[in-house]
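Observations on the model geometry
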2 protein chains.
Amino acid sequence: MEVKQAIQERRSVRSYEKREVPEEKIKRVLEAARLAPSASNRQLWKFIVVRDQKRRRELAQAASNQNFIAEASVVIAAVGLNPSHIMHCGVPSYAVDLAIAVDHMTLIAVEENLGTCWIGDFSQEEVKEILNIPEKYKVVALLPLGYPADKPKVKSRRSLKEIVCYETFIE
Amino acid sequence: MEVKQAIQERRSVRSYEKREVPEEKIKRVLEAARLAPSASNRQLWKFIVVRDQKRRRELAQAASNQNFIAEASVVIAAVGLNPSHIMHCGVPSYAVDLAIAVDHMTLIAVEENLGTCWIGDFSQEEVKEILNIPEKYKVVALLPLGYPADKPKVKSRRSLKEIVCYETFIE
């Protein structure tokens, strides 16, 4: 599948089939995260693959009871190992690094006929407790991964005119 | 090009040919950013396309004199419009949203036979001044975009074993 098509077809999937995702597919999704660039190539990240149903249910509860999270046969938690590091530009590198890696996973997932959904609405403390993550680290996203049970409609987007400007900033 | 291949072939390109990137290619790169997901689909972002050579040189200077940035025929500045918003999980949404959009651009660029390089090593204040960006916004990345003058070697990455764990966090 072309990159362009994967970008166009990616959706926030909130309904999943029961069937399990084969291990080799999960591996290819994780490989996409592994190859992602990071600040100074430090790769200060960990990806926790959760398949246990009870644990997935707990994660869904910790994510404002978004129960579809537990429907997906896998949930991947993306964890930044150096959340206090700030880049020269003033932006925390963990948030950018982990977002890149997770974005890579969402796009390769489309190619694997799998659905994902970015989850940022969760309790950091509760997810850390469920997954036994040390306090000093930071979970950037939960990513359910599974076979989509439906195909959500395309969400509206602002036009290029609204989001692009040339040479200097124009509101 | 398959997503998998684009992920494998993406490099941090630090040397660019002089020839200009055609407008239609730039449009397709920006379209990839436009289609990217963002927190609550808010799309609080702006992408500034800089082609002016003098301005590109100024950006390179503001980025710790990484002169290759000015070599690329285009530099895109990715700007977050709501840098104070923090998601439920405690992570600032602007950093994640903009990283997703820029990652989309880096991958579609590979498909367009173009090179890019994530730049986070720059002075926020100087870039804002050069591009006339209001103080309240935040530049997350500069992205040079151009025809690669060479193909950098693959950078080493940690193994899957080092970065992946199952069910709960293991150091």
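Below is a summary of the structure that appears in this document. For clarity, every value in this text was computed on a predicted model and none was experimentally measured. (Residues numbered from 1 in each chain as written. Chains lettered and ligands numbered in written order. Predicted model: local features only at pLDDT ≥ 70, side-chain atom pairs only at ≥ 80, totals over all residues.)

Bringing the packing of helix α2 (residues 23-34) of chain A against helix α5 (residues 93-111) of chain A into the picture now. Residue and element names in this part refer to chain A. Viewed as axis vectors pointing N to C, α2 and α5 meet at an angle of 145°, and their least axial separation amounts to 7 Å. In this structure, α2 meets α5 at a crossing whose hand is right-handed. Two secondary-structure elements touch here, α2 through R28, V29, A32 and A33 and α5 through A101, H104, M105, I108 and A109. Broken down by class, the residue content of the contact of α2 with α5 amounts to 7 nonpolar, 1 polar and 1 charged. (Axes fitted to C-alpha atoms, helices over the stretch in contact; angles between N-to-C directions. Helix = DSSP H or I, 4+ residues; strand = E, 2+ residues; numbered from the N terminus. Left-handed = near helix turned anticlockwise from the far one by under 90°. Contact = placed C-beta atoms within 7 Å. Nonpolar A, V, L, I, M, F, W, Y, C, P; charged D, E, K, R; others polar.)

This next bit is on the sheet that holds strand β1 (residues 45-50) of chain A. Pairing in this open sheet of 5 strands is mixed, and the strands run β3(A)-β4(A)-β2(A)-β1(A)-β5(B) from one edge to the other. Two strands in the sheet have a free side with no partner beyond their single neighbour: β3 (115-116) of chain A together with β5 (164-166) of chain B. Relative to strand β2 (residues 74-80) of chain A, β1(A) runs antiparallel, the two being bridged by 6 bridges. Among the inter-strand pairings, A:I48 is bridged to a residue of β2(A), identified as A:A77. The sheet contacts of α2(A) involve β1, β2 and β4 (138-146) of chain A together with β5 of chain B, and relative to β1(A) the element is tilted by about 165°. Each of β1, β2, β3 and β4 of chain A touches α5(A); the most contacted strand, β4(A), lies at about 5° to it. (Pairing = 2+ DSSP bridges.)

Our focus in this paragraph is the interface of chain A and chain B. Reports of interface size often rely on the accessible area that becomes lost once the parts have come together. Taken together, the contact pairs 63 residues of chain A with 63 residues of chain B. Of all the secondary structure elements, the ones that give two or more residues to the side of chain A that touches chain B are α1 (3-9), α2, β1, α5, α6 (124-131), β4, α7 (160-163) and β5 (164-166) of chain A. Counting residues per element, the side of chain A that touches chain B draws most heavily on α5(A), which supplies 10 residues. For the side of chain A that touches chain B, the per-class residue count stands at 36 nonpolar, 12 polar and 15 charged. By the bridge criterion, 3 bridges tie β1(A) to β5(B) in an arrangement that is parallel. Bridging across to β5(B), A:I48 finds its partner in B:C165.

So, on to the relation of the copies chain A and chain B. You can overlay chain A on chain B at an RMSD of 0.0 Å; the transform is a turn of 180° with a shift of 0.0 Å along its axis. In symmetry terms, the pair is related by a two-fold rotation axis. Mapped onto chain B, 100% of the interface residues of chain A again fall at the interface, so both copies present the same surface. (Least-squares fit on C-alpha atoms with pLDDT ≥ 70 in both.)

Turning our attention to the pairing of β2(A). Residue and element names in this part refer to chain A. With 7 of its 7 residues buried, β2 lies for the most part within the structure. Burial along β2 is two-sided: V74, I76, A78 and G80 and V75, A77 and V79, pointing in opposite directions, are all buried. Pairing of β2 with β4, which is carried by 7 bridges, proceeds in the antiparallel orientation. Residue G80 lies in a different strand from β4, and its bridge partner there is K138. (Buried ≥ 20, exposed ≤ 12 C-beta atoms within 10 Å, placed from the backbone.)

Looking now at the sheet that holds strand β3 (residues 115-116) of chain B. Pairing is mixed in the open sheet, where 5 strands are placed in the order β5(A)-β1(B)-β2(B)-β4(B)-β3(B). Only two strands of the sheet have a single partner each, and these edge strands are β5 of chain A together with β3 of chain B. Here 2 bridges tie β3(B) to strand β4 (residues 138-146) of chain B, and the two strands are oriented antiparallel to one another. By the bridge assignment for β4(B), B:G115 is matched with B:G146. Across the sheet, helix α2 (residues 23-34) of chain B lies against β5 of chain A together with β1 (45-50), β2 (74-80) and β4 of chain B, angled at about 165° from β1(B), the strand it touches most. Against the sheet, helix α3 (residues 53-62) of chain B engages β1, β2 and β4 of chain B, with an angle of about 115° to β1(B).

All names here are of chain B. With respect to the helices, strands and loops of the structure, A109 is situated in helix α5 (residues 93-111). Residue A109 is classed as buried on the basis of its C-beta count, with 26 C-beta atoms lying within 10 Å. A sequence separation of 44 residues divides A109 from N65, and the C-alpha atoms of the two residues are 24 Å apart. The contact partners of A109, leaving out residues within four places of it in the chain, are V29, L114, G115, T116 and L145.

Turning our eyes to something else, we now look at α5(B). The periodicity of an α-helix, 3.6 residues per turn, causes residues three or four places apart in sequence to face the same way. Residues and elements named next belong to chain B. In this model, α5 (19 residues) spans 28 Å end to end at C-alpha, consistent with the 27 Å of a helix rising 1.5 Å per residue. In terms of burial, α5 is largely enclosed, as 19 of its 19 residues are buried. N113 lies just past α5 and shows a positive phi near 60°. (Expected span 1.5 Å × (residues − 1).)

For the rest of this paragraph, the subject is the nonpolar core. The biggest cluster of nonpolar side chains holds 130 residues, and the ones touching the most others in it are A:A78 and B:A78. With residues up to four places along the chain from it excluded, the contact list for A:A78 reads A:W45, A:F47, A:L98, A:A101, A:V102, A:V139, A:V140, A:A141 and A:L143. (Core = buried A, V, L, I, M, F, W, Y, C linked by C-beta atoms within 7 Å.)

Moving on, we come to unusual backbone geometry. Phi angles above zero are rare outside glycine, and A:N65 is one such case at about 55°. A count of 9 C-beta atoms within 10 Å places A:N65 in the exposed class. Of note in this structure, B:Q43 is not a glycine but carries a positive phi near 55°. Looking at the secondary structure, you find B:Q43 in the loop between α2 and β1. Its 21 C-beta neighbours within 10 Å are what place B:Q43 among the buried residues.

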